[in-house]
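Working through the structure, step by step
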Amino acid sequence: MTSKVRRTLRLTLLALSALLVSGAAEAEKPAAKATRDDLIAAARKRMTAQTYCALITLDASGRPSVRTMNPFPPEEDMTVWFATNDRSRKVAEIRANPRVTLYYADHAKATGYVALSGRAVLVDDVKEILKRKRAYWDQSFPGLKNLVLVKVVPETLDVLDYEGKIVVDPVTWRTPSVDFGPAKPTP
């Protein structure tokens, strides 16, 4: 290899190194942080776009139990409600440990996901049930017998929204989240 070729090669490697270092520094710059309101708006959009979500409870041995639920859209404070049978395994698990997570995603579109963790409260108040009544309950719960509402009071909300450019931290891979604080006990 001639000295001219070696010199050209060295200069090329130096230029490439400078580009790589510059690109790495650019990649390490944090993306514009989404505000709390941005995260809640993105979560609400993802959640209302889905008919179903996954409810995760903990069984007696501490293992997660997952099932599909048909929730109501989130309320202003991101509280989520759904109905179930008061004799179900999920109700027994909630009675033993009210910590739950709701998971919303549309995997076919790969647009992101929402995971809302909080405390589940079982509500059997007839006024509250009638306020939220759905047509299919007449068949599933004749006379509203054995129907109980589950109210999930949010504590944390993790949001990944590719369309809204709300993505994981490039270093830690931590999903952007909102902390609502511990759920207050409901009378």
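Residues numbered from 1 in each chain as written. Predicted model: local features only at pLDDT ≥ 70, side-chain atom pairs only at ≥ 80, totals over all residues. Heavy atoms only, no water.

In terms of regular secondary structure, the protein chain is built from five helices and seven strands. Helices and strands in the protein chain line up, N terminus first, as α-α-β-β-β-α-β-β-α-α-β-β. For the protein chain, the residues scored as buried account for 36% of the 187 residues in total. Residue pairs in contact within the protein chain that sit at least 24 positions apart in sequence constitute 63% of those at least 6 positions apart. By element, 58% of the accessible surface of the protein chain is carried by carbon and sulfur atoms, the whole surface being about 11,900 Å². (Helix = DSSP H or I, 4+ residues; strand = E, 2+ residues; numbered from the N terminus. Buried < 20%, exposed > 50% of the residue type's maximum accessible area, 1.4 Å probe, protein only. Contact = heavy atoms within 4.5 Å. Areas by Shrake-Rupley, 256 points an atom, 1.4 Å probe, with all protein chains shown as cover.)

All right, on to the nonpolar core then. Counting 24 residues, the largest nonpolar core has Met 47, Leu 102, Leu 116 and Leu 157 as its most contacted members. Among the elements that line this core, the one with the most residues is helix 2 (residues 36-48), at five residues. Residues contacting Leu 157, with those up to four places away along its chain left out, are Ile 40, Ala 43, Met 78, Val 114, Ala 115, Leu 116, Pro 176, Ser 177, Val 178 and Phe 180. Counting nine residues, the second largest nonpolar core, distinct from the first, contains Trp 81, Ala 83, Phe 141 and Leu 149. (Core = buried A, V, L, I, M, F, W, Y, C linked by side-chain atoms within 4.5 Å.)

Let us look at unusual backbone geometry. With a phi close to 65°, Asn 146 is a non-glycine residue in the positive phi region. Along the chain, Asn 146 turns up in the loop between helix 5 (137-140) and strand 6 (147-161). Since its relative accessible area comes to 18%, Asn 146 is described here as buried. With a phi close to 65°, Trp 173 is a non-glycine residue in the positive phi region. In this fold, Trp 173 is placed in the loop between strand 6 and strand 7 (177-179).

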